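A structural walkthrough
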Amino acid sequence: MDFASVLPGIGFLGAAYPWVKAAHIIFVIFWMAGLFMLPRFLVYHQPVPPGSAEDRLWIHREDRLRKIIINPAMIIVWVIGLMLAVNVGAFSEGWFHAKFAAVFALSAYHGWAVGYSKRMARGFRPVSDKPLRIMNEVPGIATAIIVILVIVRPF
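Given the structure is predicted, the values throughout are model-derived calculations rather than measurements.

As a further point, take a nonpolar patch on the surface. On the surface, Ile25, Ile26, Ile29, Phe30, Ile68 and Ile69 cluster together into a nonpolar patch covering about 540 Å² of accessible area. When contributions to the nonpolar patch are tallied by element, the ones reaching two or more residues are α2 (17–45) and α3 (53–88). Element by element, the count of residues in the nonpolar patch is highest for α2, at 4 residues. In this fold, isoleucine 25 is placed in helix α2. Its relative accessible area of 46% is what places isoleucine 25 among the partly exposed residues.

Next up, the structure:
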């Protein structure tokens, strides 16, 4: 099938465009799954005494989640997402500016969660349970906003 004739204006990616877009969505799902898991891990890790056997287990879980899922997925999402944006000329669209800002904020949240898990690994627990539980809601809210911006394109 010749995608160029079926999907006009698909830019430099040509016939690979739907495959690249599919890869972007797949890695967004991986990233979001990790961002739903890590804050929950932090909530459960928070009350554990530093240096205990259980603390070491949480540190190991969080480290693996960061290294195997969250960090690689976020990098791939950004690389592919920017490729897609350039490919379709999204930088001139209002909805894309809002989506870009939301993804940037979600990436900052990612950085905070990863940094906090590393601080917890060193025995530092500066945030109480309640703010951690509230922070646990950020990925879900961000996902809803981003999906609405991409699908509805309200502006």
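This brings us to the pattern of salt bridges. Summed over the entire model, instances satisfying the criterion amount to 3 salt bridges. For the salt bridge of aspartate 63 with arginine 66, the shortest nitrogen-to-oxygen distance reads 2.9 Å. Of this pair, aspartate 63 and arginine 66 both sit in helix α3, 3 residues apart, which is roughly one turn of the helix. Under the relative-accessibility criterion, aspartate 63 is labelled partly exposed at 22%. Here lysine 67 ties to aspartate 63 by a salt bridge, and the two come within 3.3 Å at their closest N and O atoms. You can see lysine 67 and its partner aspartate 63 sitting in helix α3, 4 residues apart, about one turn around the helix. Its relative accessible area of 56% is what places lysine 67 among the exposed residues.

Right, let's get into the packing of aromatic side chains. Enumeration over the complete set of coordinates arrives at 9 aromatic pairs. Ring centres of phenylalanine 91 and phenylalanine 96 lie 5.0 Å apart, and the angle between their planes is 75°; on these two criteria the pair is classed as edge-to-face. Relative to phenylalanine 96, the ring of tryptophan 95 lies with its centre 5.9 Å away and its plane at 85°, an arrangement referred to as edge-to-face. Neither residue differs from the other here; tryptophan 95 and phenylalanine 96 are each classed as buried. Members of the aromatic cluster, each reached through a chain of ring pairs, are Trp78, Phe91, Trp95, Phe96 and Phe100. In this structure, arginine 40 packs its charged tip against the face of tyrosine 44, placed 5.3 Å from the ring centre.

Another aspect to go through is the nonpolar core. In this structure, Trp31, Leu35, Leu38, Leu42, Ile70 and Leu106 are the most contacted members of the largest nonpolar core, which totals 26 residues. Elements with a contribution of two residues or more to this core: α2, α3, α4 (94–121) and α6 (138–152). Among residues more than four places away in sequence, those in contact with leucine 35 are Ile70, Leu106, Tyr109, His110 and Pro139. Ranked by size, the runner-up nonpolar core spans 5 residues in total, among them Leu13, Tyr17, Val20 and Ile80.

As for its placement among the helices and strands, serine 117 is situated in helix α4. Each C-alpha atom, one on serine 117 and one on tryptophan 58, is 9.3 Å from the other, the two residues being 59 residues apart in sequence. Among all residues touching serine 117, those that are not within four sequence positions of it are Leu38, Leu42, Glu62 and Arg66.

This brings us to the layout of surface pockets. Here the largest pocket is characterised by a volume of approximately 840 Å³. Of all the secondary-structure elements, those providing two or more residues to the lining of the largest pocket are α2, α3, α4 and α6. Tallying contributions element by element places α2 first for the lining of the largest pocket, with 8 residues. Taken together, the residues that form the lining of the largest pocket break down as 23 nonpolar, 4 polar and 3 charged.

Cut-offs applied
- Residues numbered from 1 in each chain as written.
- Predicted model: local features only at pLDDT ≥ 70, side-chain atom pairs only at ≥ 80, totals over all residues.
- Heavy atoms only, no water.
- Patch = residues over 30% accessible without salt bridge, like charges linked within 9 Å, V, L, I, M, F, W, Y side chains within 5 Å.
- Areas by Shrake-Rupley, 256 points an atom, 1.4 Å probe, with all protein chains shown as cover.
- Salt bridge = Lys/Arg side-chain N within 4 Å of Asp/Glu carboxyl O.
- Helix = DSSP H or I, 4+ residues; strand = E, 2+ residues; numbered from the N terminus.
- Buried < 20%, exposed > 50% of the residue type's maximum accessible area, 1.4 Å probe, protein only.
- Phe/Tyr/Trp six-rings, centres within 6.5 Å; stacked < 30°, edge-to-face > 60°.
- Lys NZ or Arg CZ within 6 Å of the ring centre and 35° of its normal.
- Core = buried A, V, L, I, M, F, W, Y, C linked by side-chain atoms within 4.5 Å.
- Contact = heavy atoms within 4.5 Å.
- 1 Å grid on protein atoms, 1.4 Å probe; cavity = no way out; pocket = protein on both sides within 12 Å on 5 of 7 lines; lining within 4 Å.
- Points joined across faces, edges and corners; volume = space filled by probe spheres on them.
- Nonpolar A, V, L, I, M, F, W, Y, C, P; charged D, E, K, R; others polar.

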